[in-house]
Amino acid sequence: MSSLTEFGGSKLRLEEVTCLTCGDPFCTRQKCQNISTVHYLGPENSPTYAEIVKLPQDIKMGGVNIPGLKGLKMTQPDLNYKPVSIVGGFDEGEFRNVLKILSDKYLPDYNPNDKGDMVMRLKHFVSERNRTSVIGSLNSSVQSVDLDIRDSLSVDFNFEVVEKLSGILEKKIMNAFKSTTVSPREVKLHPDHGSLILYDKKGSKFKIHRDKVLECPLEETMWTKNRMFSFILCLGSGMENRIKSNSGNTVVYFPPVNDETGANFFEYYGDLGKYKLVPHIFNETVIPGEFIGFPSTAKHQSLPLEEDGEYKFILKLDFWIKDSDVYTYMNYHDQRSNPANNLTMSSQYCNCKVCDPYRQRLSVFKYQTLLRNTTLSEDLVKLILSYDVISKRMCNQIDISKYMPDNHYSLKQEEVERQEFEDDWDMDDRYCNGWEDEW
Ligand SMILES: [Zn+2]
Ligand SMILES: [Zn+2]
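Reading the values: rules and limits
Along every chain, residues carry numbers that run from 1 in the direction the sequence is written. As a convention, the first chain written is A and the first ligand written is 1, with the rest following in written order. Under the rules for a predicted model, residues below a pLDDT of 70 receive no local features and side-chain atom pairs below 80 are neither given nor counted, while totals for whole chains, interfaces and linings still include all residues. Strands are runs of DSSP state E lasting at least 2 residues, helices are runs of H or I lasting at least 4, and numbering of each runs from the N terminus. Working definition of a contact: two residues with C-beta atoms, positioned from the backbone, lying within 7 Å. Whether two strands pair depends on DSSP finding at least two bridges between them. Residues of type Ala, Val, Leu, Ile, Met, Phe, Trp, Tyr and Cys that are buried and joined through C-beta atoms within 7 Å form what is called a nonpolar core. With C-beta atoms placed from the backbone, a residue counts as buried when 20 or more other C-beta atoms lie within 10 Å of its own, as exposed when 12 or fewer do, and as partly exposed for counts between those limits. Here pLDDT means the predictor's own confidence in every residue, given as a number from 0 to 100. A helix is expected to reach a length of 1.5 Å times the quantity of its residues less one. Axis lines are fitted to C-alpha atoms, over the contacting stretch for helices. Their N-to-C directions set the angle, which ranges from 0 to 180 degrees. Geometric relationships in this document are graded by angle, where less than 35 degrees denotes roughly parallel, more than 145 denotes roughly antiparallel, 65 to 115 denotes roughly perpendicular, and other angles denote oblique. Classification used: nonpolar for Ala, Val, Leu, Ile, Met, Phe, Trp, Tyr, Cys and Pro, charged for Asp, Glu, Lys and Arg, polar for all others including Gly. Left-handed is the label given to a crossing in which the near helix is rotated counterclockwise from the far helix by less than a right angle, and right-handed is the label when the rotation is clockwise.

Chemist: How should the overall build of the protein chain be read in this particular structure?
Modeler: Looking only at helices and strands, the protein chain has 11 helices and 14 strands in total. Taking as baseline every contact in the protein chain between residues at least 6 positions apart, the subset at least 24 positions apart corresponds to 80%.

Below, the structure is given as structure tokens:
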């Protein structure tokens, strides 16, 4: 069974995943059934002029469109990591256990059976402490406050809390990697720190940055390479529109997957600066109980909160993976030939809300529709849907042409021809030197 098609259908509202005009979860404005049938048929049959003037308002609500973001100019450091991201979610029991660990540390009293209560009290605690998040420098240990770059409140915790969380989180992270093209031998939370972070007013954000790579707690071997990732788990959010709005979403920028063989691979010819990084928009960080992980050195940002009353309350940690350093065909081949691990991954090997419209929307649509149209209880609906396993591959082909320079394919062709010429020349050389005789 696919581990990734499982998304808790109760985690988003029906209105968030459907077109408000036609009710379809995959409606784009162009194809919207209800809008395209509205024509002005004369004063007797049509609505009044006043109503028609109001129509554009409705049309704006049509479709399930995600506001687009620009690509970023690529630089050398963008090639220094494997572009891979993980997404996943906690069920209610696991999520409660995470909240209990944090509540034990910070709250004098709380109700361990009430998740909402624990979240609100923890949020209140971070608010009360009122420590503005600092920005570090990649090259030194100097830290400063600059609200124009980073505008949030933080409470940092130490190894004690990390240690307690590791039992739950490391297993979860390891499992999430099964749906990617990377299979770590080991996952370890960065031991000495983590943070509770609260974005709590309109405009709160963290502008585009990379995280600093810390000293690795895992030993390095000849056959493995250790890589640092950033981990964000959403604890709470005051959001009610998490697909059609990008408010508070986390954007991670990766090089485009652009070779035709379908390997998870970026290649470039000529000037690297002519290529652009693709923005991947993750709403997991504003859906309580959902998480993401991405390479710490990948450029990323937290988009500004757009409405009053919205907030974003997250648990931020770093983790390390011990990854095989050798690229083996078998390893690659196994993952490619087993798409059951991730049936809705896009052609960019990503499950963000732009890349993968299926994972969240289908689960929510089924769950919420069943709940609304029947008298079944929530538990029963969940039970019924747990038998509804998706087995069809649904791969969204992402158009990456706008992230590539116009001459990419002609430069690539030239390169291929040049290589072929060199190979021929090499062979002649070998023959002339009489190496074949010596063998
Ligand atoms: Zn529609
Ligand atoms: Zn994506």
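Read on for the rest.
Chemist: For this particular structure, what's the right way to read the sheet that holds strand β10 (residues 250–254)?
Modeler: Strand pairing within a sheet occurs via backbone hydrogen bonds; the two strands may be parallel or antiparallel. Taken in spatial order, the 5 strands make up an open sheet running β1-β11-β10-β13-β8, and their pairing is antiparallel. Pairing within the sheet leaves two strands with one partner each, and these edge strands are β1 (72–73) and β8 (206–209). When β10 meets strand β11 (residues 276–282), the two strands line up antiparallel, connected through 5 bridges. Note on β11: the bridge partner recorded for F254 is V278.

Chemist: What is the right way to read the nonpolar core from this model?
Modeler: If you look at soluble globular proteins, the nonpolar side chains tend to sit buried side by side. If you look at the biggest cluster of nonpolar residues, it comprises 75 residues, and the most contacted ones within it are I173, F231, L233, L235, I314 and F319. Sequence-distant contacts of I314, that is, excluding residues within four places in its chain, are made with I197, I232, L233, C234, L235 and T285.

Chemist: How should the pairing of strand β14 (residues 312–324) be read in this particular structure?
Modeler: The two faces of the sheet receive side chains in turn, since in a regular strand these alternate between them. The buried count for β14 comes to 10 of 13 residues, which makes it a mostly enclosed element. In the sheet, strand β6 (residues 186–189) pairs with β14 via 4 bridges, with the strands oriented antiparallel. Looking at β14, one finds that L189 is bridged to F319. Of the strand pairs in this sheet, strand β9 (residues 224–237) and β14 are connected by 13 bridges, and their pairing is antiparallel. Bridge pairing links M228 to W320 in β14.

Chemist: Sorry, what's going on with the confidence of the model for the protein chain here?
Modeler: On average, residues of the protein chain score 85 in pLDDT, and 83% of them reach the 70 mark or higher. Within the model, the stretch residues 36–40 combines pLDDT values under 50 with 3 contacts to residues more than four positions away or in other chains. Segment residues 55–59: pLDDT under 50, and 3 contacts once partners within four positions in sequence are set aside and those in other chains are kept.

Chemist: Where do I start with helix α8 (residues 358–373) in this structure?
Modeler: Note: α-helices contain 3.6 residues per turn, so residues at a spacing of three or four share the same orientation. Compared with an ideal rise of 1.5 Å per residue, which puts 16 residues at 22 Å, α8 spans 22 Å between its outermost C-alpha atoms and is within 8% of the ideal. Along α8, the residues that are buried comprise Y358, R359, Q360, R361, L362, S363, V364, Y367 and Q368. Taken together, the buried residues of α8 touch α1 (14–17) and α9 (378–385).

Chemist: Help me out: how do you make sense of the packing of helix α4 (residues 92–106) against helix α6 (residues 159–177) in this one?
Modeler: When two helices pack together, their arrangement is given by the angle between their axes and by how far apart the axes lie. Packing of α4 against α6 leaves a shortest axis separation of 10 Å and a crossing angle of 170 degrees. When the interaxial angle is binned, α4 and α6 end up roughly antiparallel. Of the residues in α6, those touching α4 at E94, N97, V98, I101 and K105 are V161, K164, L165 and I168. Its residues assigned to classes, the contact of α4 with α6 shows 5 nonpolar, 1 polar and 3 charged.

Chemist: Where do I start with the pairing of strand β7 (residues 194–199) in this structure?
Modeler: Burial of β7 is extensive: 5 of the 6 residues sit out of reach of the surface. Pairing between strand β5 (residues 153–157) and β7: 5 bridges, direction antiparallel. Bridge pairing in β7 places F157 opposite G194. The pairing of β7 with β14 spans 5 bridges and is classified as antiparallel. Each bridged residue has a counterpart across the sheet, and for Y199 the counterpart in β14 is K312.

Chemist: What exactly am I supposed to notice about the packing of α8 against α9 here?
Modeler: Relative orientation of the contacting elements α8 and α9 amounts to 135 degrees, with a least axis distance of 10 Å. Considering their axes alone, α8 and α9 lie oblique with respect to each other. The two elements α8 and α9 cross, and the hand of that crossing is right-handed. Facing K366, Y367, L370 and L371 of α8, the residues of α9 in contact are E378, V381 and L385. Looking at side-chain class alone, the contact of α8 with α9 contains 5 nonpolar, no polar and 2 charged residues.

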